[in-house]
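So you can see what is in the structure, the chains are spelled out below.
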Amino acid sequence: MVDRPLTLMAVHAHPDDEATGTGGVLARYAAEGVRTVLVTCTDGRCGDGPGGVKPGEPGHDPEAVAAMRRQELEASCEVLKVTHLELLEYADSGMMGWASNDAPGSFWRTPVEEGAARLAELMRQYRPDVVVTYDENGFYGHPDHIQAHRITMAALELVEEPASKVYWTTAPRSAMQRFGEVMREFGGDREEPDPAEAAEMPDMSEIGLPDEEISTWVDTTAFGGRKFDALAAHASQGENIFFLKMGKERFTELMGMETFVRVKDTTGTAVPENDLFAGLR
Ligand SMILES: [Zn+2]
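Below or above, wherever it landed, is the structure these notes cover.

Here we take up the coordination of the zinc ion. Note on the zinc ion: its protein donors are His14 (ND1), Asp17 (OD), Asp17 (OD) and His145 (NE2). The metal-donor distances range over 2.1 to 2.5 Å. Every donor counted, the four donor atoms about the zinc ion form angles of 55 to 139° at the centre, which fits irregular coordination. We note that the donor set of the zinc ion lies within a single chain, spaced as H-x2-D-x127-H. Linking Asp17 in helix H1 (residues 17-31) with His145 in helix H4 (residues 143-158), this pair joins segments that are 128 residues apart in sequence. Each member of the pair, Asp17 together with His145, is buried.

See below:
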């Protein structure tokens with residue numbers, strides 16, 4: 001129905017979010033001949049350093065972490081066959097309340113209009129038919145995820161020919177209980193959890209949506225292995241090691257269905273739907 005390649009644009013906050021949240025759809029749609037554009041807003045400098053050293057600890061060098069995470073991101077994109085990777089290169093703002101929230105160049109303190117104008121340029125260049133980002137809470141409250149949401153929604157208002165369909169990533173509440181069980185099973189060999197880290201853990205009961213509010217269920221189990229390998233490319237990050245401990249099969253069972261809320265649609269396709277491109281091809 002369109003005279004150019006169908007295009008999916010995913011807007012993410014950090015290197016590795018593309019794998020966890022949308023690795024399945026990126027891999028699946030690339031395999032179906034869709035052009036896939038990943039926009040990663042920050043450099044991930046507040047992530048773990050080599051050997052698991054946390055930000056603020058001695059030996060954590062934000063510049064070196066950003067360089068390492070960029071290589072990991074490129075490796076992940078190769079696994080997922082992402083056609084175009086675009087980096088906005090804002091500084092990772094860290095978790096809500098950290099001093100890095102207000103550091104020079106941080107994504108969180110960047111005016112929304114500024115980030116939106118840059119993203120709008122990319123939308124004009126690629127003309128995505130489908131855009132995916134986070135909900136207004138950034139899925140679990142991370143400032144960079146919230147900011148990625150804000151600039152995406154603002155950019156869509158700026159462009160002359162915005163995407164036909166816009167989605168926010170989500171997770172079904174029905175999966176959250178299973179997720180919690182698996183977390184306990186595979187987190188069981190950890191020593192006493194660090195209270196600071198525990199405080200950062202999102203409250204599972206507030207994440208995601210009741211199943212009936214989810215408009216779009218995309219089965220990506222055939223690409224579970226790819227999604228796992230993409231996440232494995234980001235193995236420097238502690239929270240990803242938890243997923244990798246599951247092994248491919250359990251991981252695919254738990255993470256193979258990717259779910260979204262459709263917030264804009266010009267195709268009139270009925271929901272629930274099982275394809276981000278329903279009505280476009
Ligand atoms: Zn993130």
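Here we take up the packing of aromatic side chains. In this structure the tally under the stated criterion is eight aromatic pairs. Ring plane angle 75° and centroid distance 5.4 Å describe the contact between Phe228 and Phe251, whose orientation is recorded as edge-to-face. On the criterion of sequence distance, the pair formed by Phe228 in helix H7 (residues 224-232) and Phe251 in helix H9 (residues 247-255) is long-range, its members being 23 residues apart. Looking at Phe228, the relative accessible area reads 11%, which means it is buried. Three or more aromatic residues joined by ring pairs make a cluster, and in this case those are Phe179, Phe228, Phe242, Phe243 and Phe251.

On to the pattern of salt bridges, then. Under the definition given, this model contains 18 salt bridges. Across the pair Lys54 and Asp48 runs a salt bridge, and its minimum N-O distance is 3.1 Å. With a relative accessible area of 27%, Lys54 lands in the partly exposed category. For Asp48, a relative accessible area of 6% translates into the label buried. The residue Asp229 makes a salt bridge to Lys248 at a minimum N-O spacing of 3.2 Å. Separated by 19 residues along the polypeptide, Asp229 in helix H7 and Lys248 in helix H9 bring together distant segments of the chain. Of the residues examined, Lys248 reaches a relative accessible area of 39% and is grouped as partly exposed. Here the salt bridges share partners, and the residues they tie into one network are Arg28, Glu32, Asp275 and Arg281.

Cut-off values and rules
- Residues numbered from 1 in each chain as written.
- Predicted model: local features only at pLDDT ≥ 70, side-chain atom pairs only at ≥ 80, totals over all residues.
- Heavy atoms only, no water.
- Donors = N, O, S within 2.8 Å, 3.2 Å for Na, K, Ca; no water.
- Tetrahedral: all angles 85-135°; square planar, octahedral: opposite > 155°, others 65-115°.
- Helix = DSSP H or I, 4+ residues; strand = E, 2+ residues; numbered from the N terminus.
- Buried < 20%, exposed > 50% of the residue type's maximum accessible area, 1.4 Å probe, protein only.
- Phe/Tyr/Trp six-rings, centres within 6.5 Å; stacked < 30°, edge-to-face > 60°.
- Salt bridge = Lys/Arg side-chain N within 4 Å of Asp/Glu carboxyl O.

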